[in-house]
Amino acid sequence: MHPFSFTKAANTREALDAGRHGGRYIAGGTTLVDLMRETVERPETLVDISDLPMRDVKVTERGGLRIGALVTMSEAAAHPKVRSLYPVISQALELSASAQLRNMATIGGNIMQRTRCTYFRDVTADCNKREPGSGCAALEGFNRTHAILGTSDACVATHPSDAAVAFAALEARVHLLGSDGERQVSFADFLLRPGRTPNREQALRRGELITGVEIPALPRPLKSGYLKVRDRQSYEFALTSAAVALHVRGGVIREAKVAAGGVGTVPWKLPAVERHLVGERPSESLWTAAAAKAAEGARPLQHNRFKVELLKRTVERQLRVVGGSK
Amino acid sequence: MSSELPDSAVSPPSGAGESTSGPSRRAVIATGVAVGGVVVAGGTFLAGAEEAPATGTAPSSRVSLTVNGTRRTVTVDNRTSLLDLLREHFDLTGSKKGCNAGACGACTVLVDGQRVNSCLTLAVRLEGAEVTTIEGLADGDQLHPLQQAFVDQDAFQCGYCTPGQIMSGVGCIKEGHTGSPEEIREWMSGNICRCGCYVKIVRAVEQTAGRK
Ligand SMILES: Cc1cc2nc3c(=O)[nH]c(=O)nc-3n(C[C@H](O)[C@H](O)[C@H](O)COP(=O)(O)OP(=O)(O)OC[C@H]3O[C@@H](n4cnc5c(N)ncnc54)[C@H](O)[C@@H]3O)c2cc1C
Ligand code: SF4
Ligand code: FES
Ligand code: FES
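Residues numbered from 1 in each chain as written. Chains lettered and ligands numbered in written order. Predicted model: local features only at pLDDT ≥ 70, side-chain atom pairs only at ≥ 80, totals over all residues. Heavy atoms only, no water.

Caption draft 1: Region of the structure containing the overall build of chain B. When helices and strands are counted, chain B shows 6 helices and 5 strands. Its helices and strands in sequence order give chain B the pattern α-β-β-α-β-β-β-α-α-α-α, from N to C terminus. Put simply, chain B has 212 residues, and 49% of those count as buried. Counting contacts in chain B only where the partners sit at least 6 residues apart, residues at least 24 apart contribute 56% of the total. Of the roughly 9500 Å² of accessible surface on chain B, 51% is carried by carbon and sulfur atoms. (Helix = DSSP H or I, 4+ residues; strand = E, 2+ residues; numbered from the N terminus. Buried < 20%, exposed > 50% of the residue type's maximum accessible area, 1.4 Å probe, protein only. Contact = heavy atoms within 4.5 Å. Areas by Shrake-Rupley, 256 points an atom, 1.4 Å probe, with all protein chains shown as cover.)

Caption draft 2: Focus on the site of ligand 2. All names here are of chain A. In the neighbourhood of ligand 2, 15 residues make up the surrounding shell, with Cys117, Cys127, Cys136, Cys155 and Val156 lying closest. When atoms are counted within 2 Å of each cavity's grid points, the one that captures over half of ligand 2 is the second largest cavity. Residue assignment for the shell around ligand 2 shows that the elements contributing at least two residues are helix H8 (118-121) and helix H9 (137-140). Looking at the shell around ligand 2 residue by residue, the class counts come to 11 nonpolar, 2 polar and 2 charged. (Near = heavy atom within 4 Å. 1 Å grid on protein atoms, 1.4 Å probe; cavity = no way out; pocket = protein on both sides within 12 Å on 5 of 7 lines; lining within 4 Å. Sits in = over half its atoms within 2 Å of the grid points. Nonpolar A, V, L, I, M, F, W, Y, C, P; charged D, E, K, R; others polar.)

Caption draft 3: The arrangement of the interface of chain B and chain A in detail. Counting from both sides, the interface comprises 41 residues of chain B and, opposite them, 35 residues of chain A. Summed over both sides, the interface between chain B and chain A buries roughly 3300 Å², with carbon and sulfur atoms accounting for 54% of that surface. Between the two partners, chain B and chain A, sit 1 salt bridge. Close ionic contact of Arg125 of chain B with Asp48 of chain A constitutes a salt bridge, the shortest N to O distance being 2.9 Å. Linking chain B to chain A there are 15 residue pairs in polar contact (both at pLDDT 80 or more). When its residues are assigned to classes, the side of chain B that touches chain A shows 19 nonpolar, 15 polar and 7 charged. (Buried area = accessible area lost by both parts, 1.4 Å probe. Salt bridge = Lys/Arg side-chain N within 4 Å of Asp/Glu carboxyl O. Polar contact = N/O pair within 3.5 Å; in protein donor to acceptor, adjacent residues only side chain to side chain.)

Caption draft 4: How the structure looks around the sheet that holds strand E5 (residues 130-132) of chain B. Residues and elements named next belong to chain B. What the 5 strands build is an open sheet, ordered E2-E1-E5-E3-E4; its pairing is mixed. Bordering the open sheet on either side are strand E2 (70-77) and strand E4 (114-117), each of which pairs with just one other strand. On average, each strand axis in the sheet is tilted by 40° relative to the strand beside it, whichever way the strands run. Across 2 bridges, the pairing between strand E3 (residues 108-111) and E5 is antiparallel. The partner of Leu110 across the bridge, within E5, is Thr132. Its contacts with the sheet put helix H4 (residues 162-175) on E3, E4 and E5, and the angle it makes with E3 is roughly 45°. (Pairing = 2+ DSSP bridges. Axes fitted to C-alpha atoms, helices over the stretch in contact; angles between N-to-C directions.)

Caption draft 5: Here's a closer look at the domain arrangement of chain A. Residue and element names in this part refer to chain A. Here the domain parsing of chain A yields domain 1 (5-51), domain 2 (57-112 + 161-215) and domain 3 (223-323). Of the residues lining the interface, 13 residues belong to domain 1; the matching set on domain 2 comes to 12 residues. Contact between domain 1 and domain 2 buries roughly 1000 Å² in total, counting both sides, with carbon and sulfur atoms accounting for 71%. Between domain 1 and domain 2 we count 0 salt bridges in total. Where domain 1 touches domain 2, the interface holds 3 residue pairs in polar contact (both at pLDDT 80 or more). Considering each element in turn, the side of domain 1 that touches domain 2 owes the most residues, 5 residues, to helix H1 (residues 12-20). Residue composition of the side of domain 1 that touches domain 2, grouped by class: 5 nonpolar, 7 polar and 1 charged. (Domains from an automatic or database assignment.)

Caption draft 6: Representation of helix H6 (residues 198-208) of chain B within the structure. Residues and elements named next belong to chain B. All of the buried residues along H6 are Ile201, Val202, Ala204, Val205 and Glu206. Looking at the buried positions of H6, the neighbouring elements they touch are helix H3 (145-153), H4 and helix H5 (181-187). Gly210, located one to two residues past H6, shows a positive phi value of around 85°.

Below is the structure:
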């Protein structure tokens, strides 16, 4: 680990000041400390933001939900409003990492977490994300866990967060605060696809703080849930996952929000699946036909061809779980 | 064994007998390890020398925390993890270093009553914190009920994961995730046991949670 200086921000202004001067925010530290130890991350200054007032979960005026950036994964998952309004978020969180890590890690840090690509974590390997222009060891290497959607010739790494898949499905907005004020970015625009610059991962300006994530109001009743498929039953990242939310009224699906994880360079929203569902009546054949569209545009690599079929089945299964089988 | 060295230097405790005039042998070795990681990377990733200054100039901070009921004030190299602080500095070697990356749970301790991975916790962030380790669980000669349950249920073989399992189990019980063996298994999944004692570990947690 490289040496670094450490300060604790007493308030938001202090944090932004330090951030503007290149200080690196630390929340739970479960991504940052790990990557600093691997010398993948080498911040010169750490700014502890844990005292900032971004710790509550609030129902918004419009009936959505705003989760503060410093709410821990455990707190968010257990929060009665999250559990009752958006079970898909609670489930995605509780299927993430471990109880210990969830006690430490925060919602802001969770959506900022970096890829688990083993070449990215190994400073002796070529990796365009870590060292722009050095190449991508995963392209010709062992790429079983890598992405099949949203990839580029420069990088094929997945975004590993589960909660982000739920946020993407629900079309959440990320609340940001910089020295020149607040702004909001839609989740779809917040996490960036690699393109030719895989080192740029978020639409975050220098020194900007994430203050929270807002989930918009959706028509109720809303049924939702998260399914995660992995190599072992717990404490493991997703091979594939599906976040599904459905609003059914009068026997017809009026709203469908669907996204997949473990397969994309960013949480992968599935508009073609959603379009196929809206206006239809729930049925076995509908789930199958809609899920058949889940892997549209997939570009599998040598070792992850299995993800194409697994993705469709994961989405189909979760549509059935949430929408019911008739 | 090199893996037992702290990967960050810990300065001597304030008020301790050790001299602060020069780096200790351990600090020198530890810095060697930290710098070594960079050198191995070769020309491509070589960091400037200024990025890895010798111990003594590496930024450090003073922190006061309570460990197992005893208040401690120390000056630590900012890179020091809570795990290294406990093991290398306070001689509390009950907490184990398995992966040093959040992936095994052997280092689990309670910070302000919550179970966390001490390997990913920076010691400098713990100003005012209350830390409980496996050494602080028993009441004199009286084992903590979960310690006793691990004995009763024969819930370990080599014992390496056990302190982490027990601290995690204490957290799990406190959180109330003990409704069924399945629930315990899921909420204890952050603790890997290489000897595969999972069935008995679940029984020990169950026994303590009062379900048997
Ligand atoms: C063994 C292991 C298994 C895991 N398994 C899973 C899993 O299955 N699913 C999953 O989703 N995740 C998993 N994780 C990842 C974990 O969820 C993340 O490490 C965690 O959510 C990061 O949050 P943090 O608060 O600890 O972030 P930190 O490490 O503190 O920060 C991460 C990054 O975000 C930045 N940051 C943090 N907060 C803010 C803010 N408010 N504003 C601006 N920038 C900010 C930091 O500067 C840093 O760059 C796992 C991690 C480990 C170690
Ligand atoms: S897939 Fe991306 S993160 Fe992995 S080695 Fe290639 S460039 Fe790096
Ligand atoms: S040593 Fe901390 S989780 Fe493995
Ligand atoms: S008892 Fe040996 S690792 Fe668990």
